[in-house]
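Here's the letter readout for the chains.
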Amino acid sequence: MLHIEDLQVELGEKVILKHIDLDIKIGETHALFGPNGSGKTSLLMTIMGYPQYKVVRGKIFFKDVDITELPINERAQLGIGMSYQRPPTIDGLKTRQIVQICGKDKVDVEALAGRVNFLDFMERDVNAGFSGGEIKRSELLQLMAQDADLMLFDEPESGVDIENIALVGETIAGLLQRNGEQYEQKIKTKMQRKIERTKMGLIITHTGYILDYVAADKGQVLFDGMLSCVSNPVEILKCIGKTGYEECVRCIV
Amino acid sequence: MHSIDELKERAEKASGKKALIGPDINLDEFEKAPVPHKYLADEDLCALPEEEEQELIMAGMDITQKERGGTYFQKDTTVVHCGTKQEGVEVIPIRRALEEHEWIRDYYWKLVKVDTDKYTAAAELDLHDGYVIRALPGSKSVYPVQACLYLEKEGLQQTVHNIIIAEEDSELHIITGCATSPHLKKGAHVGISEFFVKKNAKLSFTMIHNWAEDMVVRPRSVARVEAGGLFLNNYICMKPVKSLQMYPVTHLAGEDAVARFYSIIVGSPGSEYDIGGRIFLKKPGTRAEIVTRTISNGGDIIARGHLIGEVAGIKAHLECKGLILNGGIMRAIPELEGYVDGVEMSHEAAVGKIAQEEISYLMSRGLDEDDRGFLNVDIPGLPEQLKAEIDRAIEASDKDMM
Ligand SMILES: Nc1ncnc2c1ncn2[C@@H]1O[C@H](COP(=O)(O)OP(=O)(O)O)[C@@H](O)[C@H]1O
Ligand SMILES: [Mg+2]
């Protein structure tokens, strides 16, 4: 599980995250809401281990290991993966190659690519000229190959067209072991389903569309660098829709 | 005798001639006098000092010789080991060959012109030694022959001339390493290589360079491939060098002859590499491929490639992918020349700067910061054993860089 304790993070000279406490238990998925600039991406990047996000206080534990000081690749090797909102382009590296890197040469790259309709893009350089939706599919493909235990999704539905939203939603549900057919048939009760599940997720979403495909267990609101409430994600979304973030945070607190 | 005198004469005339490309080297700065070393028997090879052994391993040498068809080992100017363990393969020091075998004159300076530049001239005028490796007609080697040119004496110019002959229908694999003693700083290496791949023969030649920071290196090589022949030329350089310039040339002189050059170059700060490959496709059905992968790593790399299609019905591809990592400069200079209709020639060059953001991104996919795994080119047509050898050399050199 992921356990974050009193985390304070600076970027440059600026404090961007304050007193963050967060627990994601094994099998749980949380949705993360918050207005632009509230620090959502920063929180994900800090969990992933980007060194420019300086942890000045607090600790991050994953699988009972204190990862606060671990380099990015060691966190990845421990089972943390991320789907970026705006990943960089990498010239000279083919999409096929990065998927192989993610899968440590042990995955069937073609089969995975087929599942997100990405076979035609495998020979192109990573993210080179990809449209918004193509970037998301490429990110999900890499996560599929990586088989991480904790997956961080930064606005996975932004820039994705109506036709592809279902594909993206269902793929994320699959990654988080939440796709209906696979699990519902075998396991009857909600309780049992939870026990079987091992994958953890943290999904940043503005629109909440993704919640139609992935029923998150909890919702969190990040406001001005602070996690301000924990509640049912659908309730939070309703509240934000009605009164806006500021009011919503106040009312729940 | 006449032609021997003539070679000397032409060499003398060219001894001040600058090369067409690459920084000019003042060879007068280096010593050329012979440096004697004790001959090493098989068991002496296995008992070399640990640090020397490490340098040799990184240059692809197997000092136990267990999986080698033969060994040529030259230290500074002296041959310290030479022998073959495989029927059908000859390994002879070139000085001895020039004294004892009339046939060597049919090959010596027949492809590389002695008056090309001051470096070829030096190889005629100050020749120390070098190897002749020959696979007899129809012989098929299982294990590669290894050749190692080692520099130990500070300030020496090592001058060698190598001749490689794959007779008709033979199959020959060579792994050749150049290395320096861990204490050596300054030195020069001038090496001439002439390759003869005869009808339906197959030659793979894998060269691993493992130089020192203040070394200047000027190899000069030309290959001729006859009908149905295959020449695989692989080059790996992951260590610093002050200046290295080479532009090996291959002539595909017979129908259906094939040449493939694969190079992996990882630069180092302060090092300059100017590395090319030129292949002439002279007969129908010939095929050529030049593939280069480079990472600047703070060094200055020029990767040249030149394919010349002289007749119809040929196929050639040139590919250079370079990454700029940790600074440095990377230049790719690809050239294609087609003289007739019906040539199929293509090239692909890409130079990229890899930013910290990209490195972090790759790390979040599990890659080590200095992992050069994605540089791997899969070199086709090599026996498994040799492939493993190359991987090992890359790995050893990778570790050493940490
Ligand atoms: N490279 C940067 N340099 C300086 N400030 C930045 C940088 N990136 C983000 N910020 C600032 O950090 C805060 C949090 O940003 P971010 O985590 O991207 O928010 P969100 O993802 O919630 O929109 C914002 O005020 C933003 O302007
Ligand atoms: Mg963001």
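Note that this is a predicted model, so its numbers are computed, not measured. (Residues numbered from 1 in each chain as written. Chains lettered and ligands numbered in written order. Predicted model: local features only at pLDDT ≥ 70, side-chain atom pairs only at ≥ 80, totals over all residues. Heavy atoms only, no water.)

Caption draft 1: Representation of the overall build of chain B in the model. A tally of regular secondary structure across chain B gives 7 helices and 21 strands. Burial status across chain B gives 60% buried among its 402 residues. A separation threshold of at least 6 residues defines the contact pool for chain B, and within that pool the share at least 24 residues apart is 85%. Accessible area of chain B: about 15500 Å², with a carbon and sulfur share of 49%. (Helix = DSSP H or I, 4+ residues; strand = E, 2+ residues; numbered from the N terminus. Buried < 20%, exposed > 50% of the residue type's maximum accessible area, 1.4 Å probe, protein only. Contact = heavy atoms within 4.5 Å. Areas by Shrake-Rupley, 256 points an atom, 1.4 Å probe, with all protein chains shown as cover.)

Caption draft 2: Just the sheet that holds strand β1 (residues 2-11) of chain A, in detail. Residue and element names in this part refer to chain A. What the 4 strands build is an open sheet, ordered β2-β1-β4-β5; its pairing is antiparallel. Each having just a single partner strand, β2 (14-24) and β5 (65-66) make up the two edges of the open sheet. The sheet contact formed by β1 and strand β4 (residues 53-62) spans 8 bridges and is antiparallel. The residue bridging leucine 11 from the neighbouring strand is tyrosine 53, located in β4. (Pairing = 2+ DSSP bridges.)

Caption draft 3: Quick look at the pairing of strand β2 (residues 78-84) of chain B. Residue and element names in this part refer to chain B. Across the 7 residues that make up β2, a large majority, 5, are buried. Here strand β1 (residues 70-75) runs beside β2; their pairing, made up of 6 bridges, is antiparallel. Bridging across to β2, tyrosine 72 finds its partner in cysteine 82. Linking β1 back to β2 in an antiparallel pair, the connection comprises 2 residues, with aspartate 76 at a positive phi of about 50°.

Caption draft 4: Broad picture of the interface of chain B and chain A. The interface is formed by 16 residues belonging to chain B together with 29 residues belonging to chain A. Taking both partners together, chain B and chain A bury about 1800 Å²; carbon and sulfur atoms supply 59% of that area. The largest contributions to the chain B side of the interface with chain A come from B:Tyr361, B:Ser364 and B:Arg365, which together make up 39% of the buried area. At the junction of chain B and chain A, the tally comes to 1 salt bridge. Here A:Glu139 ties to B:Arg365 by a salt bridge, and the two come within 2.8 Å at their closest N and O atoms. Linking chain B with chain A are 9 residue pairs in polar contact (both at pLDDT 80 or more). Secondary structure elements with two or more residues in the side of chain B that touches chain A: β19 (314-324) and α6 (356-363) of chain B. Residues belonging to the side of chain B that touches chain A are distributed by class as follows: 6 nonpolar, 4 polar and 6 charged. (Buried area = accessible area lost by both parts, 1.4 Å probe. Salt bridge = Lys/Arg side-chain N within 4 Å of Asp/Glu carboxyl O. Polar contact = N/O pair within 3.5 Å; in protein donor to acceptor, adjacent residues only side chain to side chain. Nonpolar A, V, L, I, M, F, W, Y, C, P; charged D, E, K, R; others polar.)

Caption draft 5: Geometry of the site of ligand 1. All names here are of chain A. Surrounding ligand 1, one finds Leu11, Lys14, Ile16, Pro35, Asn36, Gly37, Ser38, Gly39, Lys40, Thr41 and Ser42. Separating an oxygen atom of ligand 1 from a backbone N or O atom of serine 38 is a distance of 3.3 Å. Contacts to ligand 1 include threonine 41, whose side-chain N or O atom sits 2.7 Å from an oxygen atom. Out of a free accessible area of 560 Å², ligand 1 has 57% covered by protein chains. (Near = heavy atom within 4 Å.)

Caption draft 6: A look at α6(B). Counting buried positions over the 8 residues of α6(B) gives 6, a clear majority of the element. Buried within α6(B) are the following residues: B:Glu358, B:Ile359, B:Ser360, B:Tyr361, B:Leu362 and B:Met363.

Caption draft 7: The arrangement of the pairing of strand β6 (residues 80-83) of chain A in detail. Residue and element names in this part refer to chain A. The side-chain alternation of β6 yields two buried faces, one formed by Ile80 and Met82 and the other by Gly81 and Ser83. Bridge count for β6 against strand β9 (residues 150-154) is 4 bridges, and the pairing is parallel. Across the sheet, the residue bridging to isoleucine 80 is leucine 150, located in β9.

Caption draft 8: The pattern of salt bridges, seen in detail. Per the counting criterion, the structure on display carries 33 salt bridges over all chains. Taking the shortest distance from any N to any O, the salt bridge between A:Glu28 and A:Lys218 comes out at 3.7 Å. Here A:Glu28, found in the loop between β2 and β3 (29-33), pairs with A:Lys218, found in strand β11 (residues 218-223); they are 190 residues apart in sequence, far enough to count as distant. Of the charged contacts, one joins B:Glu90 and B:Arg134 as a salt bridge, the two residues approaching to 3.4 Å between their closest N and O atoms. Placement of B:Glu90 in strand β3 (residues 89-93) and of B:Arg134 in strand β4 (residues 131-135) is noted, with a sequence separation of 44 residues between them. On the accessibility criterion, B:Glu90 (26% relative accessible area) is partly exposed. What you see here is one network of salt bridges that share partners, running through A:Lys63, A:Asp147, A:Asp149 and A:Lys199.

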